[in-house]
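Take a look at the letters that make up each chain.
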Amino acid sequence: MKTAPLLEMRNITKRFPGVLANDNVSFDVRGGEVHTLLGENGAGKSTLMKILFGLYQPDSGEVRLRGEVASITSPTSAIEKRVGMVHQHFMLVPTLTVAENVALGLPSARGFRTDLDAVSARILEISEQYGLSVDPGIEIWKLSVGERQRVEIIKALYRDAELLVLDEPTAVLTPQEVDDLFVILRQMTANDTGIVFISHKLHEVLELSDRITVLRNGRVTGYTTPAEANRQQLAEMMVGREVNLSPDKPHVDLGLARLQLRHVSVKGDRGTMAVNNVSLDVHAGEIVGIAGVSGNGQRELAETIAGLRPAEAGSSVTIDDIDLTKANPSQTRAVGLAYVPEERMKDGAVGDFEVSENLLLINHGDPRFRSRGLFDFAKIREHCQRLVDQFSVKTPSLSTKTSALSGGNIQKLIMARELDSKPSVILAAQPTRGVDIGAAEYIHAELVQQRNVGVAILMISEDLDEILGLADRIAVMFEGQLVAMVDRTSATREELGLAMAGG
Ligand SMILES: Nc1ncnc2c1ncn2[C@@H]1O[C@H](COP(=O)(O)OP(=O)(O)O)[C@@H](O)[C@H]1O
Ligand SMILES: [Mg+2]
């Protein structure tokens, strides 16, 4: 490892209208290390990196590269200074080949076409050196997400990046792909490349980082290392208060099977079988977690249980012994199903509606809110205010348009409405995706609370930490089937990760 830092960002401040996105932020990266920027949504990580890449200019502060003040006025000047960036959203042209994408925008003396062979040869070299295994001649649209990400990395390496920024690279990857990426990144640091890694997944951060800088509300709240910090401490630095990452789960005696799936098969949007012969019981007092990479039939299974998608002949779905195989959403609701959908704004809440309207979405016919046949608006307001307070939904008012709230607050709103319906079964899909740690902690505690009083909970999640922290039993869904069912006490992350990849 070199002594002088490759990158120093000193006292960077950046304001947007009404937001201090970076407030006097300083951090540095040495060649040969992975330095992680850790923080909740909106903490200022991407802004800081966009300043480094010349996409924004800081209001004050300086950027130094290799000990010298650097003026980075555009991505082109960043690349000239050997800074590379893999954005959260890939910047590849799907109809072009890998080589064509890499060649795009290269300063080239000769024509673009004539150089393609040379570009391909160099791509193969780089690919070999770092174990990236990408075919230069293949079109981007044919590649998996993980492969596309590798093309972005190759693009940066091709331009001789000595400092590589990866903004939430693992958000789109399977656990297996994450492992592969980490091997590649380690190979790069062995060659003295400096890496800025952005993530909010704590176990990844602890696994990969040499050093960690934690941001909250635009400010650095701490510098640490994996040796000095654990998940709990990192979470608290991110959130700024004590958090309980895995809620205490008291022993609960299992009750009857409330949700029963028998030989459930479901067609997906393209007419092929998305769910294939799934059978499962969820008992009163337990949380069954379905782990899996999304796209393996979880969404279709959830929609079928909720009455939003028809099941194939031979399937059976019951709640408390009532047959719901052919039921519609209001019928499933009437027997006590609460549904927290994966796509919040599509199936869970109406963006154009006010907060209070979304809180009433499922029970506007409730006699509590009527008097002499008319809506009792005072009662309605009182009820909505109570839910907002109880679930700490951060909203300026009950009449705020729901689309103006953050993702986490919309999720809490849906949770509040669903749990208030006194369900017998809760079906929660990706209950905390995109939700801050503080809100996730709250949602988890609520789910455990419902479990404790005898609700049967089926939780679908891609987040293994969430599954391991909450579930009593765990199944893995792969290519439409449940490929494993294990007790929480005997489940390991490695085993589940393998099953998720079809191993
Ligand atoms: N182009 C922009 N215009 C206005 N506000 C922005 C812009 N980019 C980011 N912000 C705000 O700056 C803050 C930090 O955002 P960001 O750097 O994207 O955070 P992170 O990457 O840590 O999630 C947020 O409050 C965000 O809404
Ligand atoms: Mg970001």
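Nothing here was measured: the structure is a model prediction, and the numbers come from that model.

> So what exactly am I meant to see when it comes to the overall build of the chain here?
Across its full length, the chain holds 17 helices and 22 strands. In summary, the chain has a C-alpha radius of gyration of 25 Å against a globular reference of 23 Å for 503 residues, a match within 12%. When its C-alpha atoms are laid out on the principal axes, the chain stretches across 80 × 50 × 40 Å.

> Looking at this structure, how should I read the domain arrangement of the chain?
When the parts come together, some accessible area is lost, and that loss is often what is quoted as the size of the interface. Here the domain parsing of the chain yields domain 1 (7-239) and domain 2 (257-500). For domain 1 and domain 2, the distance between their C-alpha centroids amounts to 35 Å. Contact residues are listed per partner, giving 9 residues for domain 1 and 8 residues for domain 2. Secondary-structure elements contributing two or more residues to the side of domain 1 that touches domain 2 are helix H6 (175-190) and helix H8 (231-239). At 3 residues, the largest contribution of residues to the side of domain 1 that touches domain 2 is made by H8. Considering only residue class, the side of domain 1 that touches domain 2 consists of 4 nonpolar, 4 polar and 1 charged.

> Help me out: how do you make sense of the nonpolar core in this one?
One recurring pattern in soluble globular proteins: nonpolar side chains tend to sit buried together. Ranked by internal contacts, the top residues of the largest apolar core, which has 134 residues, are Leu52, Val165, Leu234, Val425, Leu427, Ile457 and Met459. Residue assignment places this core across two domains, with domain 1 (7-239) and domain 2 (257-500) each supplying three or more. If we ignore the near neighbours within four places in the chain, the residues touching valine 425 are Arg258, Leu259, Val282, Ile319, Gly336, Leu337, Val455 and Ala456.

> So what exactly am I meant to see when it comes to the site of ligand 1 here?
What surrounds ligand 1 is the set Phe16, Val19, Ala21, Gly39, Asn41, Gly42, Ala43, Gly44, Lys45, Ser46 and Thr47. For the shell around ligand 1, the elements supplying multiple residues, two or more each, are strand E2 (19-29) and helix H1 (45-52). Counting residues per element, the shell around ligand 1 draws most heavily on H1, which supplies 3 residues. Residue classes in the shell around ligand 1 are distributed as 4 nonpolar, 6 polar and 1 charged.

> Got a minute to help me understand helix H4 (residues 116-130) in this structure?
Residues spaced three or four apart along an α-helix face the same direction, because each turn holds 3.6 residues. An ideal rise of 1.5 Å per residue puts 21 Å on 15 residues; H4 measures up with 21 Å between its terminal C-alpha atoms. Three or more residues of H4 are buried, namely Val119, Ile123, Ser127 and Tyr130. Considered in projection along H4, the buried side chains sweep an arc of 80° and stay on one side of the axis. In H4, the exposed positions angled more than 90 degrees off the buried face are occupied by Asp117, Ala121, Glu125, Glu128 and Gln129. Check the buried side of H4 and you find it contacts helix H3 (98-103), helix H5 (145-158) and H6.

> Please explain unusual backbone geometry as it appears in this structure.
Keep in mind that most residues, glycine aside, have a negative phi and that most peptide bonds are trans. Phi is positive for aspartate 321, which is not a glycine, with a value near 70°. On the secondary structure map, aspartate 321 appears in the loop between strand E14 (316-319) and strand E15 (322-323). Although it is not a glycine, lysine 422 adopts a positive phi angle of roughly 50°. Examined against the element boundaries, lysine 422 turns out to sit in the loop between helix H14 (407-420) and strand E19 (425-429). Residue classification places lysine 422 among the exposed residues on the basis of 10 C-beta atoms within 10 Å.

> Just checking my understanding: could you explain the sheet that holds strand E20 (residues 456-461) for this structure?
Strand pairing in a sheet relies on backbone hydrogen bonds. The paired strands run either parallel or antiparallel. Spatial strand order, E16-E19-E20-E13-E21-E22: 6 strands in an open sheet with mixed pairing. Looking at strand neighbours, the two that pair on one side only are strand E16 (337-340) and strand E22 (481-487), the edges of this open sheet. Averaged over all pairs of adjacent strands, the angle between their axes in this sheet comes to 15°, without regard to strand direction. The pairing of strand E13 (residues 287-291) with E20 spans 5 bridges and is parallel. Within E20, the position partnered with valine 288 by the bridge is leucine 458. Along the sheet face, helix H15 (residues 437-452) touches E13, E19 and E20 and points at about 150° away from the line of E20.

> Explanation requested: the sheet that holds strand E12 (residues 273-283) in the structure shown.
In space, the 4 strands of this open sheet follow the order E12-E11-E14-E15, with antiparallel pairing throughout. Edge positions in the open sheet fall to E12 and E15, since each of these has one partner strand only.

> Is there a simple way to think about H14 in this case?
The end-to-end C-alpha distance of H14, which contains 14 residues, comes to 20 Å, matching closely the 20 Å that a straight helix rising 1.5 Å per residue would cover. With 12 of 14 residues buried, H14 lies mostly within the body of the structure. Turning to H14, its buried residues are Gly408, Asn409, Ile410, Gln411, Lys412, Leu413, Ile414, Met415, Ala416, Arg417, Glu418 and Leu419. Where H14 is buried, its residues touch E16, helix H11 (344-348), helix H12 (355-360), helix H13 (377-390) and H15. Immediately beyond the C-terminal end of H14, within one or two residues, lies lysine 422, with a positive phi of roughly 50°.

> In this structure, what is going on with the pairing of strand E21 (residues 473-478)? I would like to understand it.
Side chains on a regular strand alternate between the two faces of the sheet. With 5 of its 6 residues buried, E21 lies for the most part within the structure. Examined bridge by bridge, E13 and E21 share 4 bridges and lie parallel to one another. Residue pairing for E21: valine 288 is matched across the bridge by arginine 473. Bridge count for E21 against E22 is 6 bridges, and the pairing is antiparallel. In the strand pairing of E22, arginine 473 is matched with aspartate 487. Between the end of E21 and the start of E22, which pair antiparallel, lie 2 residues, with glutamate 479 showing a positive phi angle near 45°.

Calculation criteria
Residues numbered from 1 in each chain as written. Chains lettered and ligands numbered in written order. Predicted model: local features only at pLDDT ≥ 70, side-chain atom pairs only at ≥ 80, totals over all residues. Helix = DSSP H or I, 4+ residues; strand = E, 2+ residues; numbered from the N terminus. Rg over C-alpha atoms; globule rule 2.2 N^0.38 Å. Domains from an automatic or database assignment. Contact = placed C-beta atoms within 7 Å. Nonpolar A, V, L, I, M, F, W, Y, C, P; charged D, E, K, R; others polar. Core = buried A, V, L, I, M, F, W, Y, C linked by C-beta atoms within 7 Å. Buried ≥ 20, exposed ≤ 12 C-beta atoms within 10 Å, placed from the backbone. Near = placed C-beta within 6 Å. Expected span 1.5 Å × (residues − 1). Arc of directions from axis to C-beta. Pairing = 2+ DSSP bridges. Axes fitted to C-alpha atoms, helices over the stretch in contact; angles between N-to-C directions.

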